[in-house]
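Observations on the model geometry
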Amino acid sequence: MKGKLGNSFLGLDAKGLGLSESLDADIRRLDSALGRMLEEQEGPAMVELARTLLAEGVDPESVEERHPELKDPRVLRAVARAFTVLFQLLNVAEQKEIVRVNRERRSHGNNESIEEAIATLKAQGKTAGEVEGILRSLFICPTLTAHPTEARRRAVLDKLLQVALAMTESEDAPNLRFPLDAGWRIEDRIHRAMTELWQTDEMRATSLTVREEVRNALYFFERTILEVVPWLYEDLERALRRHYPEITDIPAFIAYRSWVGGDRDGNPNVTADETWNTLLDHRELILRHHLHSISDLRRELTQSGKLAPVSDELEASLQRDLAEVRLPGNRMRRYAQERYVLKLLVWETRLQKLIDEVDAIRGGEEGACLRWSADDLLADLRMISESLVENKAACVAEAGSLPRLMRRVEVFGFHLATLDVRQHSEEHAKTVSELLRAGGVTDDYETLDEEARVSLLEQEIRNPRPLVSADFPLSDQARRILDVFSIVRKARQRLAPKAVEAYIISMTHGASDLLEVILMAKESGLVSVRNGEVQGDIDIVPLFETIDDLRDCGPLMVSLYANVVYGGYLKGRPHQEVMLGYSDSSKDGGYLAANWSLYQAQRSLAEVSEQAGVKLRLFHGRGGTVGRGGGRANRAILSQPAGSFKGEIRFTEQGEVISFRYALRPIAHRHLEQIVNASILAAAAKPAPAPKEFDEAMDVMAEASRRTYRRTVHEDPEFWSFYTQATPVEYISYLTIASRPVFRPGKALQGIDQLRAIPWNFAWVQSRHVLVGWYGLGEGLAALNDQALLVRMSRDWPFFQTVVENAQLELARAHLPTSRLYASRVVPGSLGDRLQQTIEQDYERSVEAVLRLTGQSQLLEHSKVVRKTIELRNPMVVPLNRMQITIMNRWETLDEEAQSGPWREAVLQTLAGIAAGMQSTG
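**Observations regarding the overall build of the protein chain**
Helix and strand content of the protein chain: 40 helices and 11 strands. Here the C-alpha atoms of the protein chain give a radius of gyration of 29 Å, agreeing with the 29 Å that 2.2 N^0.38 yields for 922 residues. Counting every position in the protein chain, which comprises 922 residues, the buried fraction comes to 61%. For the protein chain, contacts bridging at least 24 residues in sequence account for 82% of all contacts bridging at least 6. For the protein chain, the exposed surface amounts to about 36,000 Å²; the carbon and sulfur share of it is 48%. Separation of charge centres in the protein chain, based on 115 positive and 133 negative side chains, amounts to 4 Å.

This is the structure we're talking about:
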């Protein structure tokens, strides 16, 4: 084998599968470098074993007999790590290929860029005024979350980034100063990075803390997001200069938010103190970033007053600043003629004082951080820009460091990313019940029906007196809930109003869920009551997640808009934000029913909000996998119901999706430009509602699909036993990938209803069923029995197109021969056979229906690159699956010590490897 493969690891041939020459060259290079490193670190025997496992395709029952060395968990883990690292490197190569392809597309049309969107508006005959109105309607807000779906440590991500940078540099080697040295220097860098990667433990020794999660999120802000956002605005400015030069004032329509450090739903580790520290971390990072940017800008704006004067306005402002901020005498003398430098030195001094104030607050000192605001800095930067234009330096003002800094200040302020707070409605009900009991109002709040709860809450909210004193001895749990409201109030007062702007209620079922939050906010001083009017500066955001809640959310919002308290509260708010949960709805009713319920919910919310005169902003809780709302965000924007999108959108970025989209700046830029492109086009469009017959057809298909899914997953009393044996869900709980428990406390492995959506998806991806992204689709499509109508829906309805495209991808990623091996573990065997056969029959129905609908002879026939990539990866994922099954089969025979030692490390390594190979976890 070695003679045939040389020094490569597996001798991969991407070109032979039809992938591009450039991708093939990168994969060969990485495969060769990996083979060299593995032979150095582990010896040729381990490399040979990995090659043999790939070639043999042995079943899990006989793998240890044929390879007794795999009875040693350390050997097994090393082989699994080798495949894991290979997949991580393949992911790097594919990201590099995406960047290359995107560069090529820029020279052609239809590239989903910002330039293309503006050109499209021009071709449609949109006036400058209309385009300006479209841009002012936009609000695009990616929201980073800490959901436990990133299986890799940050140290591993850093090593992979070094490989990616070296690979990118290799393309420019001929242009380097010393081209003869470039080749071996780059190869050496790759080899060093791979060696460091191999010698870095893939698994964390302990679960992430909340602070570590926060630092991981801040890493992506500092490394990528803060640089890419100004880049997008430059793209837009360039496009407008070409097509609408009269538009010069571009609003800031991109904002970032985060749940990391604020999402306490099911995570007792996110305390009020952790939230406060997160807010301080946000502030400190952006202040330091602005400080460094201003220092760099100061070294650029060195114009001398002897050669280029400044505006009178700037000079007057500078004189006021120098009276307030005393710069050292030597600096005053040195830069006496460089007025821009002095102006920026003033801001360096101010920013350093603000940073010092953050340190003082961390140390417990009281005081405000509002002496200078981001608006003050932005006003001064604009003054500098206007002065430069006025004095023959427009080229300096309109491009480069100054406008980029202005955009960063405009978008990120002194808060970086607005932090959302989220908690489960059940926890709110318990706390409100305790407050009402302590205040002598009622002892049985939790037993009241919804109407009685709403009536009681209305009465108590409008009563200005507090229910309890600030030092009343509440339970620890109630105090934890209320302390968060106090932190929100303090953050908005002492840090920035944008520090926290929304409170999200998981599992919202009724109007009382929102009124409970207002009552607790009033109790904490975050909401006030004046002359019977309830006022507050925080958005109360219901999160609708189950199929039933999605169905009922329209009527619920009607009752809230009409509610005397909540309707009054909304009068002081610019909009009503509503979050839609993609994960639990899919777990609840299956892929097709969930997607249809979400579509109907968006339409219903848009209609009732329009009728009530309330501006609606939808917040999409999209996950990484298709079963949790994953897929291309720009396609999702363009396929929303008519009337539901008017320019404003929020969406979550979760787990490994954050790493994929934000590790490399060109990838982050591409991701965001596609979203901006889709948002501009969708805001400009006036789509007609889908034909009634499409709606009726979807009702029929979704209900048939839901019945099929529910009959198998929720109504079959033996399905839970099948699931826990035919997937590695039990072992997922061992992963140290988040501060949040993978299972809800006290409810692990008790049943599907108690299981979080993320491990539910994660386990199906690992076992290669990938069931959540397609199950029930075949039965649903067959229920319509009108092929001509289906074809029209697929051709003319973006929503249905997207649903079919996403399901097709998941069907292609599923691998039934491997899933059959997992099912063979089920005891009794008759149960495994029965339910595996049920799943496979629906798979065949789904594939057949999709192929008939799309006119293809095989899945992804019209997306050949994606199909060929899956074909490249599949044979290499299978050995990891078989190793995982081997460990699972052995697990029950191990004692507790063995289960917590090398064998646990081995099974966790297979989890990480399959996740890397499938490019998804939960």
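**Some remarks on the pattern of salt bridges**
Within this structure, the stated rule accounts for 74 salt bridges. Across the pair E673 and R670 runs a salt bridge, and its minimum N-O distance is 2.8 Å. Of the two residues, E673 and R670 are both situated in helix α28 (residues 665-684); the distance of three residues between them amounts to about one turn of the helix. For R670, a relative accessible area of 7% translates into the label buried. One network of salt bridges, with partners in common, ties together R257, D420, E501, E577, K615, R617, E648 and R650.

**With respect to a negative patch on the surface**
Together, D312, E313, E386 and E390 give the surface a local cluster of negative charge. Within the residue set of the negative patch, elements represented by two or more residues are α12 (312-324) and α15 (374-390). Residue classification places D312 among the exposed positions, given a relative accessible area of 69%.

**Structural notes on the environment of V534**
Relative to the elements of secondary structure, V534 occurs in strand β7 (residues 533-536). Given a relative accessible area of 4%, V534 falls into the buried group. Between the alpha carbons of V534 and L570 there is a distance of 9.1 Å; along the sequence they are 36 residues apart. Those residues in contact with V534 that lie beyond four places of it in its chain are I461, I518, V527, S528, V529, V565, G568 and Y569.

**Describing the pairing of strand β10 (residues 616-621)**
Among the six residues that make up β10, six are buried, leaving the element largely enclosed by the rest of the structure. Neither face of β10 is exposed, since L616, L618 and H620 on one face and R617, F619 and G621 on the opposite face are all buried. Two elements, β10 and strand β11 (residues 648-653), share three bridges in a ladder whose sense is parallel. Looking at the pairing, L618 lines up with I649 of β11.

**A short note on the environment of D548**
The residue D548 is located in helix α22 (residues 547-562) in this model. For D548, a relative accessible area of 40% gives the class partly exposed. A sequence separation of 39 residues divides D548 from H509, and the C-alpha atoms of the two residues are 9.0 Å apart.

**Quick look at the pairing of strand β6 (residues 527-530)**
A regular strand places its side chains on the two faces of the sheet in alternate fashion. Burial along β6 is one-sided: the residues V527 and V529 are buried and none of S528 and R530 is. Strand direction decides the pairing type here: β6 and β7, joined by four bridges, are antiparallel. When the bridges of β7 are listed, S528 appears paired with Q535. Linkage of β6 to β7, two consecutive antiparallel strands, is achieved through a turn of two residues, within which N531 is found at a positive phi near 55°.

**With respect to the side chain of Q884**
Note on placement: Q884 falls in helix α38 (residues 864-891). Every residue in contact with Q884, bar those within four places of it in the chain, is listed here: P728, Q766, Y822, T910, L911 and I914.

**Some remarks on the packing of aromatic side chains**
Per the stated rule, a full pass over the model turns up 26 aromatic pairs. For the ring pair Y219 and F220, a centre distance of 5.2 Å and an interplane angle of 80° mean the geometry is edge-to-face. Accessibility classification places Y219 together with F220 in one group, the buried group. Their ring planes at 25° and their centres at 6.5 Å tell us that Y256 and F412 sit as a pair that is stacked. With Y256 in the loop between α10 (210-243) and β2 (257-258) and F412 in helix α17 (residues 401-412), this pair connects stretches of sequence that are 156 residues apart.

**Some words on the sheet that holds strand β9 (residues 576-581)**
Across a sheet, strands are paired by hydrogen bonds formed along the backbone, either parallel or antiparallel in direction. One open sheet accounts for nine strands, arranged β3-β2-β1-β11-β10-β9-β8-β5-β4; its pairing is parallel. Edge positions in the sheet fall to β3 (418-419) and β4 (421-424), since each of these pairs with one other strand and no more. Its contacts with the sheet place α22 against β8 (539-544) and β9, and it is angled at close to 155° to β8.

**So, the packing of helix α11 (residues 272-300) against α17**
Two numbers describe a pair of packed helices, the interaxial angle and the distance between the axes. Orientation of α11 relative to α17, taken along the N-to-C sense of each, is 160°, at an axis distance of 10 Å. The angle between the axes of α11 and α17 places the two elements in the roughly antiparallel class. Regarding α11 and α17, the two cross each other, and that crossing is left-handed. Here I286, H289, H290, S293, I294, L297 and E300 of α11 lie close against α17, whose contacting residues are S401, L402, L405, R408, V409 and F412. In terms of residue class, the contact of α11 with α17 is built from seven nonpolar, four polar and two charged.

**Comments concerning helix α20 (residues 476-494)**
For an α-helix, the turn length of 3.6 residues means that residues three or four places apart are oriented alike. Helix length check: α20 (19 residues) gives 26 Å between terminal C-alpha atoms against 27 Å at 1.5 Å per residue, within 8%. Within the sequence span of α20, burial applies to A478, I481, L482, V484, F485, I487, V488, A491, R492 and R494.

**Some remarks on the environment of P828**
Position of P828 relative to the elements: it lies in the loop between α36 (816-823) and α37 (829-854). For P828, a relative accessible area of 42% translates into the label partly exposed. Remark: the alpha-carbon pair of P828 and L90, spanning 738 residues in sequence, is separated by 39 Å.

**Let's talk about the confidence of the model for the protein chain**
For the protein chain, per-residue confidence averages 89 on the pLDDT scale, and 92% of positions sit at 70 or higher. Put simply, helix α1 (residues 2-5) is where the protein chain has its lowest mean pLDDT, 47, and β3 is where it has its highest, 98. Between residues 173-182, whose pLDDT stays under 50, and residues either more than four places distant or in other chains, the model counts six contacts. Considering only residues more than four positions removed or in separate chains, one finds that residues 626-630, a stretch of pLDDT under 50, has 29 contacts.

**Overview of the packing of α36 against α38**
Contact pair α36 / α38: the axes reach a minimum separation of 10 Å and the direction vectors enclose 5°. Judged on the interaxial angle alone, α38 and α36 are roughly parallel. For the pair α36 and α38, contact is made by T818, L821 and Y822 and by V878, N881, R882, Q884, I885 and M888, respectively.

**Let's talk about helix α32 (residues 757-766)**
Burial analysis of α32 places 10 of its 10 residues in the buried class, the great majority of the element. Every buried residue of α32 is listed here: A757, I758, P759, W760, N761, F762, A763, W764, V765 and Q766.

**As for unusual backbone geometry**
Each neighbour pair has its own omega, and for V827 with P828 the value is 0°, a cis peptide bond. Its identity is not glycine, yet R768 carries a phi of approximately 70°, on the positive side. Checked against the element boundaries, R768 lands in the loop between α32 and α33 (777-784). Phi angles above zero are rare outside glycine, and N785 is one such case at about 60°. Structurally, N785 is set in the loop between α33 and α34 (787-796).

Calculation rules
- Residues numbered from 1 in each chain as written.
- Predicted model: local features only at pLDDT ≥ 70, side-chain atom pairs only at ≥ 80, totals over all residues.
- Heavy atoms only, no water.
- Helix = DSSP H or I, 4+ residues; strand = E, 2+ residues; numbered from the N terminus.
- Rg over C-alpha atoms; globule rule 2.2 N^0.38 Å.
- Buried < 20%, exposed > 50% of the residue type's maximum accessible area, 1.4 Å probe, protein only.
- Contact = heavy atoms within 4.5 Å.
- Areas by Shrake-Rupley, 256 points an atom, 1.4 Å probe, with all protein chains shown as cover.
- Lys, Arg positive; Asp, Glu negative; His and termini not counted.
- Charge placed at Lys NZ, Arg CZ, Asp CG, Glu CD.
- Salt bridge = Lys/Arg side-chain N within 4 Å of Asp/Glu carboxyl O.
- Patch = residues over 30% accessible without salt bridge, like charges linked within 9 Å, V, L, I, M, F, W, Y side chains within 5 Å.
- Pairing = 2+ DSSP bridges.
- Phe/Tyr/Trp six-rings, centres within 6.5 Å; stacked < 30°, edge-to-face > 60°.
- Axes fitted to C-alpha atoms, helices over the stretch in contact; angles between N-to-C directions.
- Parallel < 35°, antiparallel > 145°, perpendicular 65-115°, else oblique.
- Left-handed = near helix turned anticlockwise from the far one by under 90°.
- Nonpolar A, V, L, I, M, F, W, Y, C, P; charged D, E, K, R; others polar.
- Expected span 1.5 Å × (residues − 1).
- pLDDT = per-residue confidence, 0-100.

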